[in-house]
Amino acid sequence: MIKLLKHLNKWAYLLIVLVIGLIILQVYSDLELPTRLTNILTTASTSEGLLSQGLLTEALKKEYQKKILQNGLEMLGFASLSMLSSILVCFFASKIASSFSYNLRKEVYSHIQSFSTNEIDQCSTASLITRTTNDITQVQMVVIMTLRMGIAAPTTAILGILKAGRIEQAAELSWVVVIAVLALVTLVVSIFLIVLPRFKRIQEYTDRLNLVTRENLTGIRVVRANNAQEYQEEKFCNVNQKVTKTNIFVNRMMNLMMPGMNIIMNGTSLAILWIGAYLINENPLFLGSVFGFQQITMMIVMAFMQLIMIFIMVPRGLVSARRVRDVLEVVPSIRNPINIQTPESDAVGKIEYNNVCFSYPNSKENVLDHINFSAKQGDTVAIIGSTGSGKSSLIGLLPRFFDATEGEVYVDGVNTKDYDLEVLRDKIAFIAQKALLFKGTIRSNLLYGKNDATEEEMMDALKMAMAYDFVMDSPAGLDQDVSQGGSNFSGGQKQRLSIARALIKKPEIIVFDDSFSALDFKTDKVLRENLKKLDYQPTKIIVAQRIGTILDADLILVLEKGKIVGAGTHEELIKNCTVYQEIAYSQLSKEEIENA
């Protein structure tokens, strides 16, 4: 929790000092009220006694009335000061806590952006969402309570005890306070030990609830297509029931505290009045002392109650704080090197894989095994192979989505591990296997590729990607809405818009991760012809399942179980690569292959 407080900005620290000052002022004002009350009651009691004995002259009567009025006005002033301080404390505490959660959420989100696929898989997307939202909110609540009560409560208790000690007959009444505090502590510690383990479970169950909900909403079409609504509902209800039961148990235990505290407070008040009645019977002048002690005692007990409430909230906040801290302490496996290197100016679009091996964490087998190939500017390299042969893993090494476990990957003569990540990824346009559009407009999605692109550049990119016609058929044109994930477009349209977004970047290297799979053959052919007509010469890496997409590639790599089992042009592979022949003849007839 303390480590997370570094995310407060410098103004927040100044506000905290101001809050502490206001709290001390408020506590002082509140503790002065019982003192003034004691003075009034003592004065009134004395006045009443003198009056009954006929010893109160008119002058003395006016003097006592003046003292009573003066003390009453002072009480009113302190009450107003306490109210004003309380309002300011609430205002500044809320501002500090909100600023803290804003900075912390921003830091967590920014840190998650640096995660590689490995870190995201380890933490899980659902859990990262929970930690960025629910957990930080829990921490924010603890900060607010600490600023509002965590400073005021101990200050009130300490000053209250000192103040009560100066009241007459405090020795006879003080044991009541000791018993009340011990009873409160016993009550809270007992409940605390019972509910503490449940707080961690609540956050874990919330992770699972988010996971099930996200999975269901993302795959809603698959769920409906398989009539699996009841199965998903049952799955959701099982997790939801665990969250509900745990919350109910915790809330029931917490609700036991309030009646227990009320019994202790009322018992304390009754005990003071009971003992005070005997003291007043012996000496009526003790009336003010008894009432003043009772007021201060109630404030001391309330201070301990506030501390107890903080101790109840803090454990849940600490659980959340640890979960947030765990995210911030994750060291990304993909990060900028200490000694950044830059390529030579004449090296553009050059790629080289030198004896590259790759395996996923906690895996004993290599996904890629001793991969070697190279490509120069303007070349088209195609990668084909069966499902699970390592095609996507191979191209994922290029923009450093993950790093090779052995060997080196070079871009423009420099090892990718020695690049500044931003510089490396600026050189590469990556069209993912699953086309993804962001909620907004077509224009805003194209600007992801180049944030200062002109209208003319956007139109050129759409034409190259064969997306111009269906975009301009809409009256809104570039400003037509895009739903979350691009769900209001077909698979082929999303792929073409993703390709347009990559082309507008004008990169040195374009990577197509099976990005033509949803296109019809005609669109596929025209789009590939358009790529040859680009006014710049990017190196193209195409992962494909269809032979027709890669026939004219300069180099075709055939992968089988992570190894290159064939490399060459279509003509060379169809003659001497058995795996390529099997793939080719499964898709095309002998005549089509010969004509190709």
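Residues numbered from 1 in each chain as written. Predicted model: local features only at pLDDT ≥ 70, side-chain atom pairs only at ≥ 80, totals over all residues. Heavy atoms only, no water.

Requested: an account of the overall build of the protein chain, with residues and values cited.
Helix and strand content of the protein chain: 21 helices and twelve strands. Across the 596 residues in the protein chain, those meeting the buried criterion constitute 45%. The long-range fraction of contacts in the protein chain, counting pairs at least 24 apart against all pairs at least 6 apart in sequence, stands at 77%. (Helix = DSSP H or I, 4+ residues; strand = E, 2+ residues; numbered from the N terminus. Buried < 20%, exposed > 50% of the residue type's maximum accessible area, 1.4 Å probe, protein only. Contact = heavy atoms within 4.5 Å.)

Pulling in residues and values, what's your account of the confidence of the model for the protein chain?
On average, residues of the protein chain score 80 in pLDDT, and 84% of them are at 70 or above. Here helix H1 (residues 10-52) stands out as the element of the protein chain with the lowest mean pLDDT, 61, in contrast to strand S1 (residues 351-358), whose mean of 92 is the highest. (pLDDT = per-residue confidence, 0-100.)

How would you summarise the packing of helix H14 (residues 455-464) against helix H16 (residues 491-503) if you had to cite specific residues and measurements?
Packed helix pairs are characterised by how far apart their axes lie and by the angle those axes make with each other. Interhelical geometry of H14 versus H16 gives an angle of 130 degrees and a closest axis separation of 8 Å. Taken together, the axes of H14 and H16 lie oblique to each other. Relative to H16, the crossing made by H14 is right-handed. Facing Ala461, Leu462 and Met464 of H14, the residues of H16 in contact are Leu497, Ala500 and Leu503. In terms of residue class, the contact of H14 with H16 is built from six nonpolar, no polar and no charged. (Axes fitted to C-alpha atoms, helices over the stretch in contact; angles between N-to-C directions. Parallel < 35°, antiparallel > 145°, perpendicular 65-115°, else oblique. Left-handed = near helix turned anticlockwise from the far one by under 90°. Nonpolar A, V, L, I, M, F, W, Y, C, P; charged D, E, K, R; others polar.)

Account for the packing of aromatic side chains, with residues named and values stated.
Tallying each qualifying case throughout the model produces eight aromatic pairs. Taking the centre distance of 4.8 Å and the plane angle of 80 degrees together, the rings of Phe358 and Tyr360 count as edge-to-face. With a relative accessible area of 2%, Phe358 lands in the buried category. We classify Tyr360 as partly exposed; its relative accessible area is 32%. With a centroid separation of 5.9 Å and 75 degrees between ring planes, the pair formed by Tyr360 and Phe402 is classed as edge-to-face. Of this pair, Tyr360 sits in the loop between S1 and strand S2 (368-375) while Phe402 sits in the loop between helix H11 (391-396) and strand S4 (406-411), and the two are 42 residues apart along the sequence. With relative accessibility at 9%, the residue Phe402 sits in the buried group. Here the aromatic cluster, defined as three or more aromatic residues joined through ring pairs, consists of Phe358, Tyr360 and Phe402. Sitting above the plane of the Tyr468 ring, Lys463 keeps its charged end 5.1 Å from the centroid. Sitting over the face of the ring of Phe521, Arg546 holds its NZ or CZ atom 4.7 Å from the ring centroid. (Phe/Tyr/Trp six-rings, centres within 6.5 Å; stacked < 30°, edge-to-face > 60°. Lys NZ or Arg CZ within 6 Å of the ring centre and 35° of its normal.)

Would you mind going over a nonpolar patch on the surface in detail, with residue names and values included?
A grouping of Leu69, Leu73 and Leu76 is seen on the molecular surface, where their side chains present a nonpolar patch of about 330 Å² in accessible area. When you line up the elements, Leu76 lands in helix H2 (residues 58-113). (Patch = residues over 30% accessible without salt bridge, like charges linked within 9 Å, V, L, I, M, F, W, Y side chains within 5 Å. Areas by Shrake-Rupley, 256 points an atom, 1.4 Å probe, with all protein chains shown as cover. Salt bridge = Lys/Arg side-chain N within 4 Å of Asp/Glu carboxyl O.)

For unusual backbone geometry, give the residues involved together with the corresponding values.
Trans is the prevailing form of peptide bonds, just as negative phi is the prevailing case for residues other than glycine. For Asn355, which is not glycine, the phi dihedral falls at a positive 55 degrees. On the secondary structure map, Asn355 appears in strand S1.

Provide a residue-level description of the sheet that holds strand S5 (residues 414-415), including the pertinent values.
Pairing is antiparallel in the open sheet, where four strands are placed in the order S2-S1-S4-S5. Each end of this open sheet is capped by a strand with a single partner; those strands are S2 and S5. As defined by bridge partners, S1 adjoins S2 across five bridges and the pair is classed as antiparallel. Bridged to Phe358 within S2 is Leu368. (Pairing = 2+ DSSP bridges.)

Can you lay out the side chain of Asp403 for me, pointing to particular residues and giving the numbers?
Note on placement: Asp403 falls in the loop between H11 and S4. By relative accessible area, which is 18% here, Asp403 ends up buried. Engagement of the side chain of Asp403 in a polar contact is seen with the side chain of Arg400, the distance being 2.7 Å. Look past the residues within four positions of Asp403 in its chain and what remains in contact with it is Ser333, Ile334, Phe358, Leu397 and Lys417. (Polar contact = N/O pair within 3.5 Å; in protein donor to acceptor, adjacent residues only side chain to side chain.)

A description of the pairing of S4 should follow, citing residues and the corresponding values.
In this sheet, S4 lies alongside S1 in antiparallel orientation, the contact comprising five bridges. Bridge pairing in S4 places Tyr353 opposite Val409. As judged from the two bridges shared by S4 and S5, these two strands associate in the antiparallel manner. Its bridge partner being in S5, Val411 is matched across the sheet by Val414. Linking S4 back to S5 in an antiparallel pair, the connection comprises two residues, with Asp412 at a positive phi of about 55 degrees.

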